[in-house]
Amino acid sequence: MVSTLTTAFADVVSSNATLRAFLRGLPGVDRVGADQRAAMLSTRSIKTTAKAQAIDLAIGMVDLTTLEGADTPGKVRAMCAKAVRPDPADPAAPHVAAVCVYPDLVAVAAEALVGSPVKVASVSTAFPSGRSSLDVKVADTALAVAAGAAEIDMVIDRGAFLAGDYRKVADEIAAIKQACGAAHLKVILETGELATYDNVRRASWLAMLSGADFIKTSTGKVSPAATLPVTLVMLEAVRDHRAATGRMVGVKAAGGIRTAKDAIRYLILVSETAGEEWLDAAWFRLGASSLLNDLLMQRQKLATGRYAGPDYFTLD
Ligand SMILES: O=C[C@H](O)COP(=O)(O)O
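So, here's what we can say about the structure. Once a new chain begins, its residue numbering starts again from 1 and follows that chain's sequence as written. Where local features are concerned, this predicted model is filtered to residues with pLDDT of at least 70; where side-chain atom pairs are given and counted, the filter is 80 or more; whole-chain, interface and lining totals use all residues.

**Remarks on unusual backbone geometry**
Operational definition: Counting from the N terminus, the helices are the DSSP runs of H or I reaching at least four residues and the strands are the DSSP runs of E reaching at least two. To assign burial, the other C-beta atoms lying within 10 Å of each residue's own C-beta are counted, with C-beta atoms placed from the backbone; 20 or more indicates buried, 12 or fewer indicates exposed, and intermediate counts indicate partly exposed.
Cis geometry marks the peptide bond from Phe-127 to Pro-128; its omega dihedral reads 0°. Among the secondary structure elements, Pro-128 is positioned in the loop between strand E3 (119-124) and helix H7 (134-146). Here the amide bond leading from Ser-223 into Pro-224 is cis, since omega sits at 0°, within 30 degrees of zero. With respect to the secondary-structure elements, Pro-224 resides in the loop between strand E6 (214-216) and helix H11 (228-245). With a phi close to 50°, Glu-190 is a non-glycine residue in the positive phi region. Structurally, the position occupied by Glu-190 is in the loop between strand E5 (184-188) and helix H10 (197-209). The exposure class of Glu-190 is buried, given the 24 C-beta atoms found within 10 Å.

Okay, here's the thing in structure tokens:
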């Protein structure tokens, strides 16, 4: 596949016709093959020392998320404390990568995380639907960055994408990337609305060619959210994009990931598809509202041989 990607990418994004020709010219995804490979990799198990390392790696990749209408500053502060020190009784437990909140709570999170290595991520662009004007989306992003967001999780316009208006999607991503300034941009494809794996591959490339630092599966508000086969398709895309352009783009699997077992399946998928370079919080994230406690419980079980009581860890 890489050998066919000799097109000058600047030309590819110059018009809808060139974008359409490029994206529709990408090889189709073998759906059965992708499903089977993801299923096969998910049966791999790892034991003891490797498992303990994988759990710590996964904790360090979590974007600890709360995206509820009922979120409060108090809830966000409590989440930030947990993000920095997930297990109060064990200072060796790693911190998570980031907390992810709505834009109006970015300032609260930024204040709570001052001096810590945990980043503040904010959804933006009229998350989760993305149904607003570009002006509003740019303002939404700029306000979140001004309030302290180091990472922005935007949604693509799925309506435009599915209608074949790739230029509109590309222009929006480029405009939001500009509004991000130094903040990293994660582009949410909302794969549960894209209907086919071919579309997931096309949307991945479209986002990367338009300036995404990360491509992200889902908002967590649409079912299906993250799945192993869809993440596999996206990991292949970042791998091939890197081979063709030299630029590394990260992947964030988000939505519906709740157990340490699932998290480890994703890590195996990353290692076997994109490669070990992506096994780092700089290049792979797990967006989740209620995964961290299971990771902590499994971590403690490995260390002590027994599970903590149900009240040991604070609620996710
Ligand atoms: O980006 C993260 C997702 O919104 C979290 O989804 P979740 O609540 O299913 O873990």
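**Thoughts on the pairing of strand E8 (residues 284-288)**
To keep it simple, the criterion reads: Note on pairing: DSSP must find at least two bridges between two strands before they are called paired. Think of it like this: strands point away, you trace from the first strand over the helix to the second, and a clockwise trace means the crossover is right-handed.
For E8, the buried fraction is high: five of the five residues fall into the buried class. Alternating positions in E8 separate into two faces, Phe-284, Leu-286 and Ala-288 on one and Arg-285 and Gly-287 on the other, with burial throughout. One ladder, built from three bridges, connects strand E1 (residues 62-65) with E8; its direction is parallel. Bridged to Leu-64 within E8 is Ala-288. Both strand E7 (residues 250-254) and E8 contribute to a ladder of four bridges, which runs parallel. The residue bridging Ala-253 from the neighbouring strand is Leu-286, located in E8. Taking the sense of rotation as the criterion, the β-α-β connection linking E7, helix H12 (residues 260-273) and E8 turns out right-handed.

**Some words on the pairing of E1**
By the alternation rule, side chains of E1 split into Val-62 and Leu-64 and Asp-63 and Thr-65, which are all buried. Judged from the three bridges that link them, E1 and strand E2 (residues 98-101) form a sheet pairing that is parallel. Bridge pairing in E2 places Asp-63 opposite Ala-98. Between the parallel pair E1 and E2, the chain is carried across by helix H5 (residues 73-84), and the sense of this crossover is right-handed.

**Quick word on the sheet that holds E6**
Selection rule: Interaxial angle, 0 to 180 degrees, is taken between N-to-C directions of lines fitted to C-alpha atoms, where a helix line uses only the stretch in contact.
Spatially, eight strands are ordered E1-E2-E3-E4-E5-E6-E7-E8 in a closed barrel, and the strand pairing comes out parallel. Across the sheet, the mean angle from the axis of one strand to that of its neighbour is 25°, orientation sign disregarded.

**A closer look at the nonpolar core**
Formally: Definition of nonpolar core: a set of buried Ala, Val, Leu, Ile, Met, Phe, Trp, Tyr and Cys residues joined via C-beta atoms within 7 Å. What counts as a contact here is a pair of residues whose C-beta atoms, placed from the backbone, lie within 7 Å.
Formed by 100 residues in total, the largest nonpolar core has its most connected members in Ala-58, Val-62, Val-99, Ala-109, Val-187 and Ile-215. With eight residues, the single largest contributor to this core is H10. Leave out the neighbours within four places in its chain, and Ala-58 touches Ala-260, Ala-263, Ile-264, Leu-267, Leu-286 and Leu-295.

**Some details on the site of the ligand**
Rules: Contact assignment follows one rule, namely that a residue is near a molecule or strand if its backbone-placed C-beta atom lies within 6 Å of it. Note that Gly is not counted as nonpolar here; it falls among the polar residues with everything else outside the nonpolar set of Ala, Val, Leu, Ile, Met, Phe, Trp, Tyr, Cys and Pro and the charged set of Asp, Glu, Lys and Arg.
Around the ligand, 13 residues are found, and the nearest of them are Gly-220, Ala-254, Gly-287, Ala-288 and Ser-289. For the shell around the ligand, the per-class residue count stands at five nonpolar, eight polar and no charged.

**Let's talk about the packing of H7 against helix H9 (residues 166-180)**
Basically, it comes down to this: Each angle gets one of four labels, with under 35 degrees taken as roughly parallel, over 145 as roughly antiparallel, 65 to 115 as roughly perpendicular, and the rest as oblique. If you view the pair so one helix is near and one far, a crossing is left-handed when the near helix is turned anticlockwise from the far one by less than a right angle, and right-handed when it is turned clockwise.
Contact geometry for H7 and H9: axes closest at 8 Å, N-to-C directions at 25°. Compared by their axis directions, H7 and H9 come out roughly parallel. Between H7 and H9 lies a crossing whose hand is right-handed. Residues Leu-134, Lys-137, Val-138, Thr-141, Ala-142 and Val-145 of H7 form the contact with H9, whose participating residues are Glu-172, Ala-175, Ile-176, Ala-179 and Cys-180.

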